[in-house]
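# Working through the structure, step by step
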Amino acid sequence: MNIYLTHGSTTRDVTNILSAWTWSGDKAAISRQLSADFAYIEGSSLPVPEVGDLLTMADGEKKLFIGVILLRTLGSEDSTLSCTAYDYGYYLQRNDGTYKFTGAPAEAITRTACADRGIPVASLPSTGIPLRRKFAAVRLSQLITTAWTLASEKNGKSYAIRYTPDGLLVKERSANSSSLVLKASSNLMDATTKEDASKMVNSVAIYDSSGNFIRRYGDASAQKLYGVMESHITQRENGAADADATAKKALEDGRFQRTVTVNVLGDHSLITGETVVVREAKTGLSGVFWIDADVHTWKRGNYYAKLTLNCRNVMATASAGSEDL
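What comes next is a walk through the structure. (Residues numbered from 1 in each chain as written. Predicted model: local features only at pLDDT ≥ 70, side-chain atom pairs only at ≥ 80, totals over all residues. Heavy atoms only, no water.)

## Some words on the sheet that holds strand β15 (residues 203-208)
With mixed pairing, three strands are arranged side by side in an open sheet as β16-β15-β17. Of all the strands in the sheet, just β16 (213-218) and β17 (230-235) have a single pairing partner and so form its edges. Within this sheet the neighbouring strands show an average axis-to-axis angle of 20 degrees, counted without direction. Relative to β17, β15 is paired through six bridges, and the arrangement is parallel. By the bridge assignment for β17, Val204 is matched with Ser231. Against the sheet, helix α5 (residues 240-253) touches β15, β16 and β17, its axis set at about 35 degrees to β16. (Pairing = 2+ DSSP bridges. Helix = DSSP H or I, 4+ residues; strand = E, 2+ residues; numbered from the N terminus. Axes fitted to C-alpha atoms, helices over the stretch in contact; angles between N-to-C directions. Contact = heavy atoms within 4.5 Å.)

Have a look at this one:
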C-alpha cells in the first residue's frame, strides 16, 4: 500500500515518512476519510502537507482513495504532523440543494444532485420507481439518502451509498458467495457482541390526517417480551399502500439489534456495505454479517481493521424534504 501527497502539480510518495495512517467509513456517511501522521522536522526537506493538498492511497495501480486535506494538526513540541483528507463525497455533505421532483426515480434524483456540484457518478441501480419530493435547503447527502430510502420502502431492497475514486456508487446491499470468511484460527483476532432492544419499534399505528385511527401492525411476541413500543404514521388520502409499506419497514428497522465489533487482519475489501461470513466458536457467532462501519489502520508495518457488523441488512436512512408539491 502506498500513500501519495499532491501539492500543486507535484506528487510525491510519502509512505516511508508516515508513522501510521487510517482509512475509514461508516454507512451513515457517504464519504470516506484518510488520516495520516507525517514525520515533521522544522526546516528539513521533508514534505509538509497543507490544507487543500490531495492524499491518494493506492494498492499498486489501483487507487482506493483520493481526497482533499481539510484538517491539519501540529503542536509546538510535536515531531509528527497529523492531517485528515476527505474524498469528494464530502462535498455532498457540505452543500445544500433545493429541488422539486414530480416523478423522478432515485437514480435520476441522484444524478441531478451530483451533476449540479460536479460530482461524478460511478454506478447506480435502476429502480424505475417515480418519487414525488420537495427539498428546500437540504444537504445533498441527505437528499440522496432520502431518495434511496423512499425507493427501498417501495421495493423492499436495501442500498449501500458510498464514494469511490471513480465517483458516487450506490449498490444493493446483498450477500454473495465471494464474502470473506473471518475465523478465529486465521484472520479473526477478537469479537465483541452487543444486544440492544432500547430503540425497538414493535407496534405501528396508522391514522388519517384528521387523527382518526385506521389500523395497527405489530409483533406480539416482541411486545410480550420487551413491552409495547409504538410509532404512529399518518396516512395520506389514497395512500394506504404507502402507509402499510412504511409501517412494515418501521417494524423491520426497529427489531432487536445485535451488532458485533471485530478486530481482524487487514483486507481492503472489508469496507462498509459489503458482507462477511463470521465463524467464532467461543461467542457462538456464525453466519453472514453486513459491514456497517470500518476502520483500517497501518502502523509499524502491521495492517489490521476494526469492523462494526450487523446480522441484519439495514441501510442508512433519511427522511429529508416533504411530499407537499
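There's more to say after this.
## Brief notes about a nonpolar patch on the surface
Where nonpolar side chains cluster on the molecular surface, the patch consists of Met189, Leu265 and Tyr304 and spans about 290 Å² of accessible area. Relative to the assigned elements, Tyr304 resides in strand β21 (residues 302-310). (Patch = residues over 30% accessible without salt bridge, like charges linked within 9 Å, V, L, I, M, F, W, Y side chains within 5 Å. Areas by Shrake-Rupley, 256 points an atom, 1.4 Å probe, with all protein chains shown as cover. Salt bridge = Lys/Arg side-chain N within 4 Å of Asp/Glu carboxyl O.)

## Digging into the pairing of strand β18 (residues 257-265)
Relative to β18, strand β14 (residues 188-196) is paired through eight bridges, and the arrangement is antiparallel. Counted as the bridge partner of Thr193 is Val260 from β18.

## What to know about the side chain of Thr84
Along the chain, Thr84 turns up in strand β7 (residues 80-87). Here Thr84 falls in the buried class, since its relative accessible area comes to 10%. A polar contact of 3.0 Å, which involves the side chain of Thr84, links it to the side chain of Ser35. The contact partners of Thr84, leaving out residues within four places of it in the chain, are Gln33, Leu34, Ser35, Val68, Ile69, Leu70 and Leu71. (Buried < 20%, exposed > 50% of the residue type's maximum accessible area, 1.4 Å probe, protein only. Polar contact = N/O pair within 3.5 Å; in protein donor to acceptor, adjacent residues only side chain to side chain.)

## Points about the sheet that holds strand β12 (residues 167-172)
Within a sheet, adjacent strands bond to each other through the backbone by hydrogen bonds, running parallel or antiparallel. Spatially, the three strands line up as an open sheet ordered β9-β12-β11, and their pairing is mixed. Looking at strand neighbours, the two that pair on one side only are β9 (121-123) and β11 (159-164), the edges of this open sheet. When strand polarity is set aside, the average angle formed by the axes of neighbouring strands in this sheet is 25 degrees. By the bridge criterion, six bridges tie β11 to β12 in an arrangement that is antiparallel. The residue bridging Tyr163 from the neighbouring strand is Leu168, located in β12. Lying on the sheet, helix α3 (residues 140-155) is in contact with β11 and β12; it crosses β11 at an angle near 150 degrees.

## Structural notes on unusual backbone geometry
For Ala137, which is not glycine, the phi dihedral falls at a positive 55 degrees. On the secondary structure map, Ala137 appears in strand β10 (residues 131-139). Its relative accessible area of 54% is what places Ala137 among the exposed residues. Even without glycine at this site, Asn238 takes up a positive phi of about 60 degrees. Along the polypeptide, Asn238 turns up in the loop between β17 and α5. Owing to a relative accessible area of 77%, Asn238 belongs among the exposed residues under this scheme.

## Brief notes about α5
For α5, built from 14 residues, the straight-helix expectation of 20 Å at 1.5 Å per residue is met to within 8% by its first-to-last C-alpha distance of 20 Å. Elements that come into contact with the buried residues of α5 comprise α3, β15, β16 and β17. (Expected span 1.5 Å × (residues − 1).)

## Overview of the packing of helix α2 (residues 106-116) against α3
Contact geometry for α2 and α3: axes closest at 9 Å, N-to-C directions at 170 degrees. By the angle between their axes, α2 is roughly antiparallel relative to α3. Where α2 abuts α3, its residues Ala106, Glu107, Ile109, Thr110, Ala113 and Cys114 lie against Leu140, Leu143, Ile144, Ala147, Trp148 and Ala151. (Parallel < 35°, antiparallel > 145°, perpendicular 65-115°, else oblique.)

## Here we look at α2
Within the span of α2, buried status applies to Ala106, Glu107, Ile109, Thr110, Ala113 and Cys114. Down the axis of α2, the sector holding all buried residues measures 160 degrees, keeping them to one side. When the buried face of α2 is taken as reference, the exposed residues oriented beyond 90 degrees from it are Ala115 and Asp116. On its buried side, α2 packs onto α1 (90-93), β8 (96-104), β9, β10, α3 and β12. One or two positions beyond α2, positive phi appears at Gly118, with a value near 70 degrees. (Arc of directions from axis to C-beta.)

Purely geometric stuff here, so don't read any function into it on its own.
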